[in-house]
Amino acid sequence: MVKLTMIARVTDGLPLAEGLDDSRDVPDADFYKQQAKSLFKNLSMGQIEASRMSVETGPYIFHYIIEGHVCYLTMCDRSYPKKLAFQYLEDLKNEFERVNRSQIETAARPYAFIKFDTFIQKTKKLYQDTGTQRNISKLNDELYEVHQIMTRNVQDVLGVGEKLDQVSQMSSRLTSESRIYADKARDLNRQALIRKWAPVAVVIGVVSLLFWVKNKIW
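Residues numbered from 1 in each chain as written. Predicted model: local features only at pLDDT ≥ 70, side-chain atom pairs only at ≥ 80, totals over all residues. Heavy atoms only, no water.

J.: Help me understand the pairing of strand 3 (residues 52-57) in this model?
T.: The pairing of strand 3 with strand 4 (residues 60-67) spans six bridges and is classified as antiparallel. Bridge assignment links M53 to a residue of strand 4, and that residue is Y64. Taking the residues between adjacent antiparallel strands as the criterion, strand 3 and strand 4 are bridged by two residues, where G58 takes a positive phi near 55 degrees. Where strand 3 and strand 6 (residues 150-153) come together, four bridges link them in parallel fashion. Paired with E56 across the two strands is N153, which belongs to strand 6. (Pairing = 2+ DSSP bridges. Helix = DSSP H or I, 4+ residues; strand = E, 2+ residues; numbered from the N terminus.)

Shown next as structure tokens:
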């Protein structure tokens, strides 16, 4: 069955729409939504190049297609036919482009097209039962084949971004530590100079004071 559906702009990962009622029967739905958002983030950073891919995660599989700088993503049970999942996404893509094409690039706030949920829910119902005559016909349709679409594990896909984030964090931490070390080094040098010249300054001060007192007396 189709579990989650999300649509996002690839250029910056901005979420545009999603199925509002999708997560009711998905344990840890927030966890999988976060994974989907991480996929969008990696896509926006150019870390994933495939325009069509299936990504295994736990008992589910993410399927996505990218068209016109928009990513259409759904999460299904592993047993759900891959061919139906991608045809479901194609239906969403065609309608989303037809209705919202001129506004996609200018959308500035998350979920600007949340009303598209109505079409998502209606279309999802058509694809839920794989045994209907309609879906059996789609499975037998040779015009749309998915054999060449790559399937990868979510840790492999997201691991690229996580490693880059770790490198970035490590670099920031080293820069911060280097700055702290430089400040401490300057403090130590200052203290060393004070210890070195303080006795000399005291002697000069005492001598100067004695000369001043002598001049006053005489």
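J.: Explanation requested: the sheet that holds strand 2 (residues 15-18) in the structure shown.
T.: Within a sheet, neighbouring strands are paired by backbone hydrogen bonds and run either parallel or antiparallel to one another. Within the open sheet, the six strands sit side by side as 2-1-5-4-3-6. Their pairing is mixed. Looking along the sheet, the strands with just one partner apiece sit at the ends: strand 2 and strand 6. The average angle at which neighbouring strand axes cross in this sheet is 20 degrees, direction not considered. Running at roughly 140 degrees to strand 1 (residues 2-9), helix 3 (residues 117-128) makes contact with strand 1 and strand 2 of the sheet. (Axes fitted to C-alpha atoms, helices over the stretch in contact; angles between N-to-C directions. Contact = heavy atoms within 4.5 Å.)

J.: Sorry if this is basic, but what is going on with the nonpolar core here?
T.: A general trend in soluble globular proteins is that nonpolar side chains are found buried together. The biggest cluster of nonpolar side chains holds 26 residues, and the ones touching the most others in it are I7, L16, F96 and F116. Taken together, the elements giving at least two residues each to this core come down to strand 1, strand 2, strand 5 (70-77), helix 2 (82-100) and helix 3. With residues near it in sequence (within four places) discarded, F116 still touches I7, A17, L92, E95, F96 and N100. Within the second largest apolar cluster, 24 residues are counted, among which are A8, V10, V55 and L158. (Core = buried A, V, L, I, M, F, W, Y, C linked by side-chain atoms within 4.5 Å. Buried < 20%, exposed > 50% of the residue type's maximum accessible area, 1.4 Å probe, protein only.)

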